[in-house]
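# Structural overview for review
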Amino acid sequence: MNIEKFISEFADQFDDLDTSSFTAETLFKENDEWSSMTALSVIAMVDDVYAVRLTGDDIRNSKVIQDIYNIVLKKSNS
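Keep in mind that what you see is a predicted model, and the values were worked out from it rather than measured. (Residues numbered from 1 in each chain as written. Predicted model: local features only at pLDDT ≥ 70, side-chain atom pairs only at ≥ 80, totals over all residues. Heavy atoms only, no water.)

## As for the pattern of salt bridges
The following threshold applies: One speaks of a salt bridge when a side-chain nitrogen belonging to Lys or Arg is within 4 Å of a carboxyl oxygen belonging to Asp or Glu. The way it works is that DSSP assigns letters per residue, a run of H or I at least four long becomes a helix, a run of E at least two long becomes a strand, and they are numbered from the N terminus.
All told, the structure shown has four salt bridges when counted by the stated rule. Among the ionic pairs, Asp58 bridges to Lys75, the shortest N-O distance being 2.7 Å. Of this pair, Asp58 sits in helix H3 (residues 56-60) while Lys75 sits in helix H4 (residues 65-76); the two residues are 17 residues apart in sequence, bridging distant segments of the chain.

Shown next, in the form of structure tokens:
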């Protein structure tokens, strides 16, 4: 798993937003399209692609995409 691929997969969860500028430091919750449905899409994508279960607290406690990536790395190595 690498951060670039993860950012791309994360960005795919946003339908109507130009995500080409997404980076590891993107404050994803500040985007107008962020909602509880987007959060569920991210949780489902991580479960499907990485076989890691994110929780609502994982999302709530994260500010940037790197935070989510770090959680996925930690949980996939446990």
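Having put the structure on the table, let's press on.
## Observations regarding helix H2 (residues 36-50)
Note the threshold: Expected span of a helix: the number of residues minus one, times 1.5 Å. Each residue's exposure class comes from its accessible area (1.4 Å probe, protein chains only) as a fraction of the maximum for that residue type: buried when under 20%, exposed when over 50%, partly exposed otherwise. This arc is taken over the directions from the axis of the helix to the C-beta atoms.
Here H2 is 15 residues long and its end C-alpha atoms lie 21 Å apart, about the 21 Å a rise of 1.5 Å per residue gives. Buried within H2 we find Thr38, Ala39, Val42, Met45, Val46 and Tyr50. Along the long axis of H2, the arc covered by the buried residues comes to 120°, so they all point the same way. Of the exposed residues in H2, those oriented more than 90 degrees away from the buried face are Ser36, Met37, Leu40 and Asp48.

## Remarks on the environment of Val52
We apply this condition: In this description, contact between two residues means that some pair of their heavy atoms is separated by no more than 4.5 Å.
Counting through the fold element by element, Val52 comes out in the loop between H2 and H3. A relative accessible area of 2% means that Val52 is categorised as buried. The spacing of Val52 and Val72 is 20 residues in sequence and 6.4 Å in space, taken between C-alpha atoms. Excluding residues that lie within four positions of it along the chain, Val52 makes contacts with Val46, Asp47, Val72, Lys75 and Ser76.

## A closer look at the side chain of Asn31
Which entries qualify depends on this criterion: Pairs of N or O atoms are called polar contacts if they sit within 3.5 Å, as long as, within protein, a hydrogen donor faces a hydrogen acceptor (for residues adjacent in sequence, only side-chain-to-side-chain pairs).
Locating Asn31 in the fold gives a position in the loop between helix H1 (3-11) and H2. Reaching out from Asn31, the side chain makes a polar contact with the backbone oxygen of Phe28 at a distance of 3.1 Å. Setting aside residues up to four positions removed in sequence, Asn31 forms contacts with Phe14, Leu17, Phe22 and Thr26.

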